[in-house]
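Report on the structure
One letter stands for each residue in the lines below.
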Amino acid sequence: MAVKTVQVVINGQTHTLTYNATTKKYEATITAPSTSSYNQNGHYYNVKVKATDEAGNSVTKDATDTTLGSSLQLKVKEKVAPVISITAPSSSAKLTNNKPVINWTVTDADSGVNPSTIKLIIDSQTITTGITKTQSGKNYTCSYTPTTALSDGTHTIKVSASDYDGNVATQSVTFTVDTVPPELSVSAPVDNLVTNQSSLVVKGTTNDVTSSPVTLTIKLNGGTEQTVEVGSDGSFTKTLTLVTGENTIVITAKDGAGKTSTVTKKVVLDQTAPVIQSVTISPNPVNAGATYTISVEVTD
């Protein structure tokens, strides 16, 4: 009897094969399933072949067949790499914490993230232990806290991971660690200055090696903070108007990481002249060439 039909069923879809007189085989060109076979039982799609002759006799084979089973396992691989998102620290962040928590997620909608491939590199050091990997379906949320403090300066972290079909993804961010407050030197006025000039010039220099530029503010007598321009060489100048009596001047420098340095100066403005209350000369009159005493009573 002659073969009437040959059909295959893959992923719930039935396909009829056509006889090829040259190869003497039943053939068909079929579009593979759109998703990876990794999450299928056995990591493959079961291919069921059914052949029927003209008399109505039929035979069916699938991946469970002891002879043909391995040839009826269709393995489909996705081509889309996982997506990595580093949520902390953010790119170009300036941190005062030298042991910052590093957080990231790895997602893959098809074959899923292979947790054994999740890797973290800080600068040139590959981290092999201490990474927390929390699974949610096919995805992972990860976290790591350095056990050794990072030095002040720029650092780069790189995360890589693969899905179960071997597609690799990488992501990196660069950030700065700054644990040292900015330098702040106030050359004028001297502390506890007493002056009769209401106009006072505050000047000095500020700098931060790791996370410039520095923001400088001056507050007079608890009033509103005034932002002062800092030159490219770190110098600054600000003219203030004093009030009569004691004045408190607070100069604050803040670097890009939020670390601050503060200098406080006290200045007294006294524009009241002293008062001469009395003058006594004794003896008066005095003999020529003799000595006398003069006494002056002054208040201020």
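Now for a quick tour of the structure. Owing to the predicted nature of the structure, the values given are computational and were not obtained by experimental measurement. (Residues numbered from 1 in each chain as written. Predicted model: local features only at pLDDT ≥ 70, side-chain atom pairs only at ≥ 80, totals over all residues. Heavy atoms only, no water.)

**Brief notes about the packing of aromatic side chains**
Where we set the bar: Put simply, two rings from Phe, Tyr or Trp (the six-membered ring, in Trp's case) pair if the centres are within 6.5 Å, and we call them stacked under 30 degrees between planes, edge-to-face over 60, tilted for the rest. Going along the chain from the N terminus, every DSSP run of H or I of four or more residues is numbered as a helix, and every run of E of two or more is numbered as a strand. Partly exposed describes any residue whose relative accessible area lies between the buried limit of under 20% and the exposed limit of over 50%, with all areas from a 1.4 Å probe on protein chains only and scaled to the type maximum.
Per the counting criterion, the structure on display carries two aromatic pairs. Aromatic pair Y38 and Y164: ring centres 4.1 Å apart, planes at 10°, arrangement stacked. With Y38 in the loop between strand 4 (25–27) and strand 5 (45–53) and Y164 in the loop between strand 15 (153–163) and strand 16 (168–177), this pair connects stretches of sequence that are 126 residues apart. Classification of Y38 as partly exposed rests on a relative accessible area of 21%. The class for Y164 is partly exposed, based on a relative accessible area of 30%.

**Looking at a nonpolar patch on the surface**
Stated precisely, the cut-off is as follows: Patches were defined on residues exceeding 30% relative accessible area and lacking a salt bridge, with like-charge contacts within 9 Å and nonpolar side-chain contacts (Val, Leu, Ile, Met, Phe, Trp, Tyr) within 5 Å. The Shrake-Rupley method, run with a 1.4 Å probe, gives the accessible areas here. Residue values count only the displayed protein chains as cover. By definition here, a salt bridge exists when the distance from a side-chain nitrogen of Lys or Arg to a carboxyl oxygen of Asp or Glu is within 4 Å.
There is a patch of nonpolar side chains on the surface, built from I276, V279, I281, V286, Y292, I294, V296 and V298 and spanning about 730 Å² of accessible area. At the level of elements, strand 25 (275–282) and strand 26 (293–299) are the ones that each hand at least two residues to the nonpolar patch. Among the secondary structure elements, V286 is positioned in the loop between strand 25 and strand 26.

**Points about the sheet that holds strand 13 (residues 132–136)**
How we decide: At least two bridges found by DSSP between two strands is the condition for calling them paired. Comment: axis = line fitted to C-alpha atoms, over the contacting stretch for helices; angle = value between 0 and 180 degrees taken between N-to-C directions.
Here four strands make up an open sheet; going across it, the order is 8-10-14-13 and the pairing antiparallel. Strands with a single pairing partner mark the edges of an open sheet, and in this sheet they are strand 8 (83–88) and strand 13. Averaged over neighbouring strand pairs, the angle between their axes works out to 20° when direction is ignored.

**Comments concerning the sheet that holds strand 12 (residues 125–127)**
Within the open sheet, the five strands sit side by side as 9-16-15-11-12. Their pairing is mixed. Taken across any chain shown, the strands that pair with only one partner, and hence form the sheet edges, are strand 9 (94–95) and strand 12.

**What to know about the pattern of salt bridges**
Summed over the entire model, instances satisfying the criterion amount to one salt bridge. Among the ionic pairs, D65 bridges to K61, the shortest N-O distance being 3.1 Å. Judged by its relative accessible area of 18%, D65 falls in the buried class. With relative accessibility at 32%, the residue K61 sits in the partly exposed group.

**Quick notes on unusual backbone geometry**
In this chain, A188 is followed by P189 through a cis amide linkage whose omega measures 5°. Note on placement: P189 falls in the loop between strand 17 (183–188) and strand 18 (193–195). With omega at -5°, the peptide bond leading from S282 into P283 counts as cis. Relative to the elements of secondary structure, P283 occurs in the loop between strand 25 and strand 26. Backbone geometry places K24, a non-glycine residue, at a positive phi of 60°. Residue position: K24 is located in the loop between strand 3 (18–20) and strand 4.

**Focus: the environment of V6**
What counts, and what does not: Any pair of residues with heavy atoms lying within 4.5 Å of one another is described as a contacting pair.
Tracing the backbone through its elements, the reader meets V6 in strand 1 (residues 3–10). When near neighbours in sequence (up to four residues on either side) are disregarded, V6 contacts H15, T16, L17, Y26, V49, K50 and A51.

**A closer look at the environment of S187**
Examined against the element boundaries, S187 turns out to sit in strand 17. Expressed as a C-alpha distance, the spacing of S187 and T205, which sit 18 residues apart in the sequence, is 8.1 Å. Ignoring sequence-local partners within four residues, the contact set of S187 consists of K203 and G204.

**A few points about the pairing of strand 13**
With five bridges connecting them, strand 13 and strand 14 (residues 139–144) associate as antiparallel partners. Residue pairing in the sheet places T134 in a bridge with T141 of strand 14. Joining the antiparallel neighbours strand 13 and strand 14 is a turn of two residues, in which G137 adopts a positive phi near 65°.

**Quick word on the side chain of T252**
Where we set the bar: Each polar contact in these results corresponds to two N or O atoms within 3.5 Å; when the atoms are within protein, one needs to be able to donate a hydrogen and the other to accept it, and residues that are neighboring in sequence are counted only if both atoms are side-chain atoms.
Relative to the helices and strands, T252 resides in strand 23 (residues 245–254). In this structure T252 comes out as buried when scored by relative accessible area, which is 17%. Of the polar contacts made by the side chain of T252, one reaches the side chain of T262; its length is 3.5 Å. Excluding anything up to four places from it in sequence, T252 contacts T215, L216, T217, T260, S261 and T262.

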